[in-house]
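# An overview of the molecular structure
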Amino acid sequence: MLSPRRIPAVAAVAVLALTAVACGGGSSSSKSLTLYSGRAEVQIQPVIDEFTKETGIKVKVRYGATPELAAQISEEGSNSPADLFFAQDAGGLGSVDDRGLFGPVPPDLLAQVDPRYHADDGDWIGITGRVRVIVANSRNVPDAEVPTDVFAVTAPRWKGKVGIAPTNGSFESFLTAMRVQAGDERTKQFLHDLAANDVKTYNDNALILKAVNDGEIDLGLINHYYWYQLANEIGEDKMVARNHFTLNGDPGALVNVAGVGILKSSDHQELATRFVSFLLGKTAQTFFSEKNFEFPLAAGVQPLPSLPKLSEVQSPDIDLSNLSDLDTTLDMLREAGLL
Amino acid sequence: MAGAAVAVAALLPVVYLLVRAGEGGWTAVSDTLLTERTGRLLARSLGLATAVTGASAVIGVALAWLTVRCDLPGRRLWRVVAALPLAVPSYVGAFAYVSVFPWLTGFRGAFAALTLLSYPYVFLPVAASLERIDPSFEEVSRSLGNNAAATFRTVTLPQLRPAIATGGLLVFLYCLSDFGAVSILRFDSFTRVIYQSYQSSFDRTPAAVLGCLLLAVTLVVVSAEARTRGRARYYASGPGANRPPRVTRLGRARWWALLVPVTVAVLALGVPFANLVRWLVDSVQADVDLARVWRAAGGSLLASGLGALVTGAAAIPVALLAARHRSRLAAAVERSAYVGHALPGIVVALSLVFFSARYLTSLYQRLPVLVFAYLVLFLPLAVSAVYTSAVQASPALDEVARSLGKRPLAVLRTVTAPLLAPGVAAGTALVFLTCMKELPATLLLGPTGFETLATRVWSATAIGAYGDAAVPSVLLVVAAAVPTWLLSRRLGRQAAT
């Protein structure tokens, strides 16, 4: 154990070590970018490696959760070391944009995705799409009986048989979309009915899907790609759960995006633009489609054959830039006793 | 002087909170502060912290008594086991509880998880005190005709008061700041709402206002704890007897008494361990990049080691000041050291992002700022350990040395330091293992690309890849168990001398 006589010596060594660490490796080459990524490493690093291989531009990546990274960029302001911010949802991008920290994405890049999937002011751009689905246990619930209207999951038949993840960002965005489309009163009622119907709450979408697949519950509200992740892990033949897209343009089939913005303060605007362009290119879009099971938004890459075309999904007509008021949504969840 | 400098450093997050809270103007502050919800949150958080502190005190004192002062079968082993829950990060523990007992959510879940994982904060100082108490006090009581129970109540327990109070304070503040357990077990505490506030509106004012309120609560609690110390003295006035305390013979009841440490161990260690084993089984299929896990372990050791050394050293002047001087300044310095511990990690991390990105650009996202964050977050762990040593050492020893013509520095080196050594070592070890588990500051302030075991666990669980989380989790718990083991072994050695 540390004897007090040795403390000064150890402290001196520590200070030297700190200085060495602080001074070493500080030179940032002009051919390098810094990316703050709210997207997990396995879902994006291979694309980044490919980019570096093709262009020789190194990318340093700081991984974190989208909200924390958005808060961090906001605190850093114009001193941010980040050149780019990749967020898992439009809300995270919108918050950084609201502080005026993003510069414009060049118009030729914006033109590569449907205008519904980039910011109104052109300051961030969607890279992939993810769709809300109702996942159902096919043994307990014949396909024809799965609700095609998300409000129907509060029917008495599903008492104690529906799973939600109240703390999950995608679920909260879905509720915000419901408020935008159907109004606050209807959304409050929906949450109240869910709670009264003994809805089961889970920590994340993967746990809901597992519960549906194991027959513990009949229905779950999740994002579409979790089904493919689980199928990939345990084999498609073991999948009792099925994805169902709601059919009447209600928020049950909300399309959200994961996307990217270029920091205004970045000294590497041109390199950053090349990176965004690469994310919209065929290699990256194919990776996101095949490995992450997301909906590609550019380069003419098609979603997996088992998925519908994005244009065929009957998603609500909602501007993603309008989904930033999460506060009221959280208040409603709390009021309903679900959070 | 040094103490005051440390205190000023520890107060940086406060400056940040005031800046951010002030941004929205008075209306924004009152909008957040004067709501029924804030009142409810305050009541809930204080309720949780009080309940956990009370339960931790009972468990901590009971286990310390049984393992130090009773002839419990295998008490040396149980002494080590009782400290081990400190090695389990709250997010790993809470996840295990909710997987094994899915109904265990909300208040009772948070209460159970936080109590089981944080009672060692009370157990360790109380066990150490029980060994160091001069046995002659108790012998006098017994010789005056008091029975064992009365002696414990009137002589031993009052002597344990500083240890229970400092340990309880750490538990209390930890409950206010913990995010892992309350988020996984879905209990709406201050910290969880502060996090959600960052997540939802991305508006910093409400979070900062709540942070300020949390700060005010902390100062009240810390001051109240200081008042319990009163003017009492805890060192023997004379040379006294340096011999091991007497052991209570429990007779047949000792087998029943054994149920206490066993039950606590099964709940606090068995459940998380079983869950880790399940993850390990899953990970056999996952293809784990072991080289990378080892690099992350190196990162953990480096950052936590530096954090522990710096924090341990910084705690010495603060604790000495608090133990030896009863001035207002000394009190203010010590209390300010506790501020960082009660604030959610994300708030401390963002405050350092704010300062270092602006004024220390060259050090931003380098190790020194991360180490500094650990200092701000965990200083009280070290201060309380050093303080406990400092109050049990009579200042008369220093005075004698001075009167014999020794210079102040020489006194510090030859008299004060050896007396403080056990406390400094304990504090350093405690900070080390707590740094190992730290997440929000490490994610925001670590060098880009720098990984620790905690960040590996996080990145795997964030995408539901629990199999990938198994190996780093196990390493994390094992690595944190080593200093925990040293902490409790120190107890055994002292008893032997």
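Here the structure is a predicted model, which is why all the values come from computation and not from measurement.

Right, let's get into the overall build of chain A. Check the secondary structure of chain A and you find twelve helices and eleven strands. Here the C-alpha radius of gyration of chain A, 22 Å, is about what a compact globule of 339 residues would show, namely 20 Å. Expressed along its principal axes, the backbone C-alpha trace of chain A runs to roughly 70 × 60 × 40 Å. Contacts spanning at least 24 positions in sequence make up 75% of the contacts within chain A whose residues lie at least 6 apart. Carbon and sulfur atoms provide 51% of the accessible area of chain A, an area that totals close to 13500 Å². Across chain A, the mean location of the 29 positive side-chain charges is 7 Å away from that of the 43 negative side-chain charges.

Our focus in this paragraph is the overall build of chain B. Of the regular secondary structure elements, chain B holds 24 helices and zero strands. Once the C-alpha set of chain B is aligned to its principal axes, its extents read approximately 65 × 50 × 50 Å. In chain B, which comprises 497 residues, the proportion classed as buried is 60%. Considering only intrachain contacts with a sequence separation of at least 6, the fraction spanning at least 24 residues in chain B is 85%. The distance from the centre of the 43 positive side-chain charges to the centre of the 21 negative ones in chain B is 8 Å.

This next bit is on the interface of chain A and chain B. Facing 48 residues of chain A, the contacting portion of chain B comprises 52 residues. Across the interface of chain A and chain B, roughly 4400 Å² is buried in total on both sides, 60% from carbon and sulfur atoms. The salt bridge involving arginine 292 of chain B is made with glutamate 41 of chain A; its shortest N-O contact spans 2.7 Å. Inspection of the region where chain A meets chain B yields 13 residue pairs in polar contact (both at pLDDT 80 or more). No other element matches the eight residues that helix H3 (residues 66–76) of chain A contributes to the side of chain A that touches chain B. Residues that form the side of chain A that touches chain B fall into these classes: 23 nonpolar, 13 polar and twelve charged.

Here we take up the confidence of the model for chain A. All names here are of chain A. Summarising the model, chain A shows a mean pLDDT of 88, and 91% of its residues fall at 70 or more. At the level of individual helices and strands, chain A shows its lowest average pLDDT in helix H1 (residues 7–23), which scores 47, and its highest in helix H10 (residues 269–279), which scores 97. Every residue in residues 18–29 scores below 50 in pLDDT, and together they form twelve contacts with partners more than four places removed in sequence or on other chains.

On to the pattern of salt bridges, then. Residue and element names in this part refer to chain A. Taken as a whole and assessed by the stated rule, the structure comprises 13 salt bridges over all chains. Residue arginine 116 pairs with aspartate 114 through a salt bridge whose shortest N-O separation is 3.8 Å. Accessibility expressed as a relative area gives 37% for arginine 116, which makes it partly exposed. Under the relative-accessibility criterion, aspartate 114 is labelled partly exposed at 34%.

Next up on the list: the packing of helix H6 (residues 169–182) of chain A against helix H7 (residues 184–196) of chain A. Residues and elements named next belong to chain A. Remark: H6 packs on H7, axes separated minimally by 7 Å, with the N-to-C direction vectors making an angle of 135 degrees. Relative to H7, the element H6 lies oblique. Two secondary-structure elements touch here, H6 through Phe174, Leu175, Met178, Arg179 and Ala182 and H7 through Asp184, Arg186, Thr187, Phe190 and Leu191. Each residue belonging to the contact of H6 with H7 can be placed in one class, and the counts come to six nonpolar, one polar and three charged.

What follows covers empty space enclosed by the protein. Scanning the model with the defined rule gives nine cavities of 30 Å³ or more in all. Within this model, the second largest cavity holds a volume of roughly 80 Å³. Among the residues making up the lining of the second largest cavity, the classes are represented as six nonpolar, one polar and two charged.

The biggest cluster of nonpolar side chains holds 242 residues, and the ones touching the most others in it are Phe85 of chain A together with Leu445 of chain B. Among the elements that line this core, the one with the most residues is helix H19 (residues 367–392) of chain B, at 19 residues. Once you skip the residues sitting within four places of it in the chain, leucine 445 of chain B turns out to touch Arg62 of chain A together with Ala349, Leu352, Val353, Tyr364, Gln365, Arg366, Val369, Leu370 and Ala373 of chain B. Listed in part, the 26 residues of the second largest apolar core include Ile164, Phe190, Leu194 and Leu333 of chain A.

All names here are of chain A. In terms of residue burial, strand E8 (residues 219–223) counts as a mostly covered element, since five of its five residues are buried. Judged by which residues are buried, E8 turns out to be covered on both faces: Leu219, Leu221 and Asn223 on one side and Gly220 and Ile222 on the other are all buried. Where strand E5 (residues 124–137) meets E8, five bridges bridge the pair, whose relative direction is antiparallel. Of the residues in E8, the one forming a bridge with isoleucine 134 is leucine 221. Inspection of the sheet shows strand E6 (residues 162–164) paired to E8 by two bridges, in the parallel sense. Following the sheet pairing, glycine 163 is matched in E8 by glycine 220.

Residues and elements named next belong to chain A. Where strand E1 (residues 32–37) meets strand E2 (residues 58–63), six bridges bridge the pair, whose relative direction is parallel. Considered in E2, the bridge of leucine 33 is made with valine 59. Note on the crossover from E1 through helix H2 (residues 45–55) to E2: the handedness is right-handed.

Let's shift gears to unusual backbone geometry. For residues that are not glycine, phi is negative in most cases, and the peptide bond is trans in most cases. A positive phi angle, close to 60 degrees, is found at phenylalanine 293 of chain A, a residue other than glycine. Looking at where phenylalanine 293 of chain A falls in the secondary structure, it is placed in the loop between helix H11 (282–290) and strand E11 (295–296). Classification of phenylalanine 293 of chain A as buried rests on a relative accessible area of 8%. A positive phi angle, close to 60 degrees, is found at glutamine 365 of chain B, a residue other than glycine.

This part is about the packing of aromatic side chains. One pair of aromatic rings is described through two measures. These are the centre distance and the angle between the planes. Residues and elements named next belong to chain A. Inspection of every chain in the model, using the stated rule, returns 19 aromatic pairs over all chains. Aromatic pair phenylalanine 174 and phenylalanine 190: ring centres 6.3 Å apart, planes at 80 degrees, arrangement edge-to-face. Within this pair, whereas phenylalanine 174 is found in helix H6, its partner phenylalanine 190 is found in helix H7, the two being separated by 16 residues in sequence. Judged on exposure class, the residue phenylalanine 174 and its partner phenylalanine 190 are both buried. A ring pair is formed by tryptophan 227 and tyrosine 228, whose centres lie 5.0 Å apart and whose planes are at 70 degrees; its orientation type is edge-to-face. Tyrosine 228 shares its class with tryptophan 227; the two are buried. Members of the aromatic cluster, each reached through a chain of ring pairs, are Phe151, Phe171, Phe174 and Phe190.

A few words on the packing of H19 of chain B against helix H21 (residues 408–437) of chain B. All names here are of chain B. It is at 8 Å that the axes of H19 and H21 come closest, and there the two elements cross at 150 degrees. Put simply, H19 runs roughly antiparallel to H21. The interaxial crossing formed by H19 with H21 has right-handed handedness. Residue-level inspection shows Tyr374, Phe378, Leu381, Ala382, Ala385, Val386, Ser389 and Ala390 of H19 in contact with H21, the latter providing Leu419, Leu420, Pro422, Gly423, Val424, Ala426, Gly427, Leu430, Val431, Thr434 and Cys435. When its residues are assigned to classes, the contact of H19 with H21 shows 15 nonpolar, four polar and no charged.

Here we come to the environment of glutamine 269 of chain A. Residue and element names in this part refer to chain A. Relative to the helices and strands, glutamine 269 is located in helix H10. Residues in contact with glutamine 269, not counting those within four places in the same chain, are Ile262, Leu263 and Lys264. Within the structure, glutamine 269 has its side chain in polar contact with the backbone oxygen of lysine 264 (distance 3.3 Å). A distance of 3.2 Å separates the side chain of glutamine 269 from the backbone oxygen of serine 266, its partner in a polar contact.

Cut-offs and rules
Residues numbered from 1 in each chain as written. Chains lettered and ligands numbered in written order. Predicted model: local features only at pLDDT ≥ 70, side-chain atom pairs only at ≥ 80, totals over all residues. Heavy atoms only, no water. Helix = DSSP H or I, 4+ residues; strand = E, 2+ residues; numbered from the N terminus. Rg over C-alpha atoms; globule rule 2.2 N^0.38 Å. Contact = heavy atoms within 4.5 Å. Areas by Shrake-Rupley, 256 points an atom, 1.4 Å probe, with all protein chains shown as cover. Lys, Arg positive; Asp, Glu negative; His and termini not counted. Charge placed at Lys NZ, Arg CZ, Asp CG, Glu CD. Buried < 20%, exposed > 50% of the residue type's maximum accessible area, 1.4 Å probe, protein only. Buried area = accessible area lost by both parts, 1.4 Å probe. Salt bridge = Lys/Arg side-chain N within 4 Å of Asp/Glu carboxyl O. Polar contact = N/O pair within 3.5 Å; in protein donor to acceptor, adjacent residues only side chain to side chain. Nonpolar A, V, L, I, M, F, W, Y, C, P; charged D, E, K, R; others polar. pLDDT = per-residue confidence, 0-100. Axes fitted to C-alpha atoms, helices over the stretch in contact; angles between N-to-C directions. Parallel < 35°, antiparallel > 145°, perpendicular 65-115°, else oblique. 1 Å grid on protein atoms, 1.4 Å probe; cavity = no way out; pocket = protein on both sides within 12 Å on 5 of 7 lines; lining within 4 Å. Points joined across faces, edges and corners; volume = space filled by probe spheres on them. Core = buried A, V, L, I, M, F, W, Y, C linked by side-chain atoms within 4.5 Å. Pairing = 2+ DSSP bridges. Right-handed = clockwise from strand over helix to strand, strands pointing away. Phe/Tyr/Trp six-rings, centres within 6.5 Å; stacked < 30°, edge-to-face > 60°. Left-handed = near helix turned anticlockwise from the far one by under 90°.

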